Amino acid sequence: AQKITQTQPGMFVQEKEAVTLDCTYDTSDQSYGLFWYKQPSSGEMIFLIYQGSYDEQNATEGRYSLNFQKARKSANLVISASQLGDSAMYFCAMRAYGGSQGNLIFGKGTKLSVKP
Amino acid sequence: EADIYQTPRYLVIGTGKKITLECSQTMGHDKMYWYQQDPGMELHLIHYSYGVNSTEKGDLSSESTVSRIRTEHFPLTLESARPSHTSQYLCASSDYFRTSQGETQYFGPGTRLLVL
């Protein structure tokens, strides 16, 4: 069975500081993808960053980077130079590309609050 | 940039009414999805489609039904709404044949449904 675990229900960070949101995953597939989404209070899901299981380098997209540690099955999101607009729910998700052709599995999310 | 639309954004309706939640995308994506999300909780897949005339049930059992007559349109219908259907419903799409970004799913703004 595939599973995503986000152990931080809520986090606070000071504006302009960096923050790491934790995500661990479990899958028996060798080929899979890991995704992070941001959900503001308005409700839409905004795609932030993707990491493939065979990618050797950590993914980066602007202020977002994904700290991928395959042996530990972790895919933590790092947000540098936090902004007030970063306050939102953040969801880690995984999709396996093996024989099962599974759909996205989401974690329970982490609520990030950025303090001025 | 995602071009996926959902209407209505908010819906308050009485028990027993039939409702249809609309979802359209202009990206020509083959695969489309419906997720259900209770406030502050993770997303659960309720329906998906690989293309025209294809519909599949997701991981979470739902009394809703879907149809896919056109590539760009994936409506969700509840024949008789009940208070237990109160939730947010998010539509998403992905390009099944484009794997460079792991078949990233792009989401619409969501419909918040309240059944009285």
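To start, this report covers the structure provided alongside it. These figures come from a predicted structure and were not determined experimentally. (Residues numbered from 1 in each chain as written. Chains lettered and ligands numbered in written order. Predicted model: local features only at pLDDT ≥ 70, side-chain atom pairs only at ≥ 80, totals over all residues. Heavy atoms only, no water.)

Focus on the state of the cysteines
Residue and element names in this part refer to chain B.
So, point 1. Applying the stated criterion across every chain, the model contains 2 disulfides over all chains.
So, point 2. The partner cysteine of C23 in its disulfide is C91, sulfur to sulfur 1.9 Å. Since a negative S-S torsion denotes a left-handed disulfide, the C23-C91 link at about -75° is left-handed. With C23 in strand β3 (residues 19-25) and C91 in strand β9 (residues 87-94), the pair connects residues that are 68 residues apart, well separated along the chain. C91 matches C23 in its accessibility class, with the two residues each being buried. (Disulfide = S-S within 2.5 Å. Helix = DSSP H or I, 4+ residues; strand = E, 2+ residues; numbered from the N terminus. Buried < 20%, exposed > 50% of the residue type's maximum accessible area, 1.4 Å probe, protein only.)

A closer look at a nonpolar patch on the surface
So, point 1. Taken together, the side chains of B:V12, B:L114 and B:L116 define a hydrophobic patch exposed on the protein surface, amounting to about 290 Å² of accessible area.
So, point 2. Tracing the sequence through the fold places B:L116 in the segment after β11 (111-115). (Patch = residues over 30% accessible without salt bridge, like charges linked within 9 Å, V, L, I, M, F, W, Y side chains within 5 Å. Areas by Shrake-Rupley, 256 points an atom, 1.4 Å probe, with all protein chains shown as cover. Salt bridge = Lys/Arg side-chain N within 4 Å of Asp/Glu carboxyl O.)

Here's the deal with the sheet that holds strand β8 (residues 76-78) of chain B
Residues and elements named next belong to chain B.
So, point 1. One open sheet holds the 4 strands; their spatial order is β1-β3-β8-β7, and the pairing between them is antiparallel. Each edge of the sheet is formed by a strand with only one pairing partner; in this case those strands are β1 (4-7) and β7 (65-66).
So, point 2. By the bridge criterion, 3 bridges tie β3 to β8 in an arrangement that is antiparallel. Residue L21 lies in a different strand from β8, and its bridge partner there is L76. (Pairing = 2+ DSSP bridges.)

What about the nonpolar core?
Residues and elements named next belong to chain A.
So, point 1. L21, Y25, W36, I49, L77, Y90 and L112 are the most contacted members of the largest nonpolar core, which totals 25 residues.
So, point 2. Within the residue set of this core, elements represented by two or more residues are β2 (10-14), β3 (19-21), β5 (32-39), β6 (46-52), β8 (64-69), β9 (74-79), β10 (88-96) and β12 (110-115).
So, point 3. Ranked by the residues each element gives to this core, the list is headed by β10, at 4 residues.
So, point 4. In this view, Y90 contacts Q6, L21, W36, Y37, K38, L48, L77, I79, G109, T110 and L112; residues no more than four positions away in its chain are not counted. (Core = buried A, V, L, I, M, F, W, Y, C linked by side-chain atoms within 4.5 Å. Contact = heavy atoms within 4.5 Å.)

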